Amino acid sequence: MIVELDKTTVRMKNPDHVRGIISSIKKDGVNKLQVISDFDMTLSRFGWNGRRCPTSHNILDNSQVITEEGKKQLKDLLHYYYPIEIDPNRTLEEKCPLMVEWWTRAHDLLSQQKILKGDIAQIVKESEVMLREGFNEFFDQLHKNNVPLFIFSAGVGDILEEIIRQANVFHPNINVVSNYMDFDDNGILRGFKRPLIHTYNKNNTVLNNTEYFQQLSTKTSIILLGDSMGDLTMADGVTNVKNILKIGFLNDKVEEHRGKYLESYDIVLERDETLDVVNGILRYTFIET
Ligand code: TMP
Ligand code: MG
């Protein structure tokens with residue numbers, strides 16, 4: 001049915017269940033479909049040529065506009081909090097306050113750096129960020145078929161929008177909820193807008209029944225894309241869900257996390273830097289039969 005599902009990177013706990021959901025999504029039709037996706041390390045690449053690619057926060061951290069001292073402090077935060085973020089042995093209750101602490105401290109540091117709104121495009125241009133292979137087909141298929149793409153990100157909204165814009169795929173079917181920068185009248189960064197979105201509050205609590213989510217209530221088929229356990233709740237705000245297919249990119253510490261990902265995501269993609277599987281499923285869904 002979908003040859004991409006035979007790739008060696010694909011793992012499924014229950015392949016029959018996956019086939020059932022995909023058939024049901026196709027049967028209900030394109031008009032009922034929406035895609036809800038994380039950004040960092042899901043639509044963007046985790047690595048390239050043996051090197052790690054940056055998250056939207058890292059793009060700022062690594063840029064020339066940050067002082068050496070600022071860079072060191074941001075790196076120290078990353079080294080302290082990232083292992084906590086992905087620790088399979090800690091509960092959500094333990095992780096949440098620590099993630100708020102990380103994001104708050106990182107945003108405070110960034111806000112002391114005199115980052116200019118006018119510099120964002122250049123900062124992105126000079127970064128090593130890359131969208132996953134096959135991104136053009138992914139964004140274009142959704143656009144052509146009028147399928148809403150909701151990007152729900154704990155990264156930096158201004159940065160990820162600029163990445164998508166520079167890749168020429170920022171189509172009108174895209175909506176983003178993320179951490180947006182707050183600039184003063186001189187275009188200097190002075191903070192971040194609320195609510196603060198971190199890895200583990202990507203759910204209803206920050207969407208608060210936004211108008212956008214109301215509009216989506218008729219889209220009862222969902223394809224959810226994520227790379228973290230925190231991405232699994234991104235569709236919780238949709239009231240009428242008939243079919244949901246959860247696809248998870250397992251990028252890091254694969255053996256350690258495999259069990260948990262297989263329990264939670266319908267399809268797990270191990271060290272797969274492409275959107276091949278997602279594109280294959282979309283192509284199949286969109287083909288008229
Ligand atoms: P997301 O992919 O779930 O939207 O999460 C964003 C990622 O950003 C998450 O994996 C942690 C990472 N991050 C940084 O790399 N640097 C930072 O300063 C912060 C606050 C988060
Ligand atoms: Mg992510």
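Residues numbered from 1 in each chain as written. Chains lettered and ligands numbered in written order. Predicted model: local features only at pLDDT ≥ 70, side-chain atom pairs only at ≥ 80, totals over all residues. Heavy atoms only, no water.

- The name given to the chain in an unreviewed UniProt entry is 5'-nucleotidase, and the organism recorded there is Alligator mississippiensis.

**Considerations on unusual backbone geometry**
Then, in step 1: The omega torsion across Arg194 and Pro195 is -5°, close enough to zero to call that bond cis.
Then, in step 2: Mapping Pro195 onto the fold places it in the loop between strand 8 (189-192) and helix 8 (204-207).
Then, in step 3: At Asn168, a residue that is not glycine, the phi angle is positive and equals roughly 60°.
Then, in step 4: Mapped onto the secondary structure, Asn168 falls in the loop between helix 7 (157-166) and strand 6 (174-179).
Then, in step 5: You will see that Lys253, though not glycine, has its phi angle at about 50°, which is positive.
Then, in step 6: On the secondary structure map, Lys253 appears in the loop between strand 10 (243-250) and helix 10 (254-264). (Helix = DSSP H or I, 4+ residues; strand = E, 2+ residues; numbered from the N terminus.)

**Details of the side chain of Gln113**
Then, in step 1: Looking at the element boundaries, Gln113 is found in the loop between helix 4 (92-111) and helix 5 (120-125).
Then, in step 2: Exposure remark for Gln113: the relative accessible area of 11% places this residue in the buried category.
Then, in step 3: Among all residues touching Gln113, those that are not within four sequence positions of it are Val65, Ile66, Thr67 and Gly70. (Buried < 20%, exposed > 50% of the residue type's maximum accessible area, 1.4 Å probe, protein only. Contact = heavy atoms within 4.5 Å.)

**A word on the environment of Glu273**
Then, in step 1: With respect to the helices and strands, Glu273 occurs in the loop between strand 11 (267-270) and helix 11 (276-286).
Then, in step 2: By relative accessible area, which is 18% here, Glu273 ends up buried.
Then, in step 3: Considering only alpha carbons, one finds Glu273 and Ser44, 229 residues apart in sequence, at a separation of 8.7 Å.
Then, in step 4: Beyond its immediate sequence surroundings of up to four residues, Glu273 is in contact with Arg45, Phe46, Gly47, Arg132 and Glu133.
Then, in step 5: Among the polar contacts made by the side chain of Glu273, one reaches the main-chain amide nitrogen of Gly47 at a distance of 2.9 Å. (Polar contact = N/O pair within 3.5 Å; in protein donor to acceptor, adjacent residues only side chain to side chain.)

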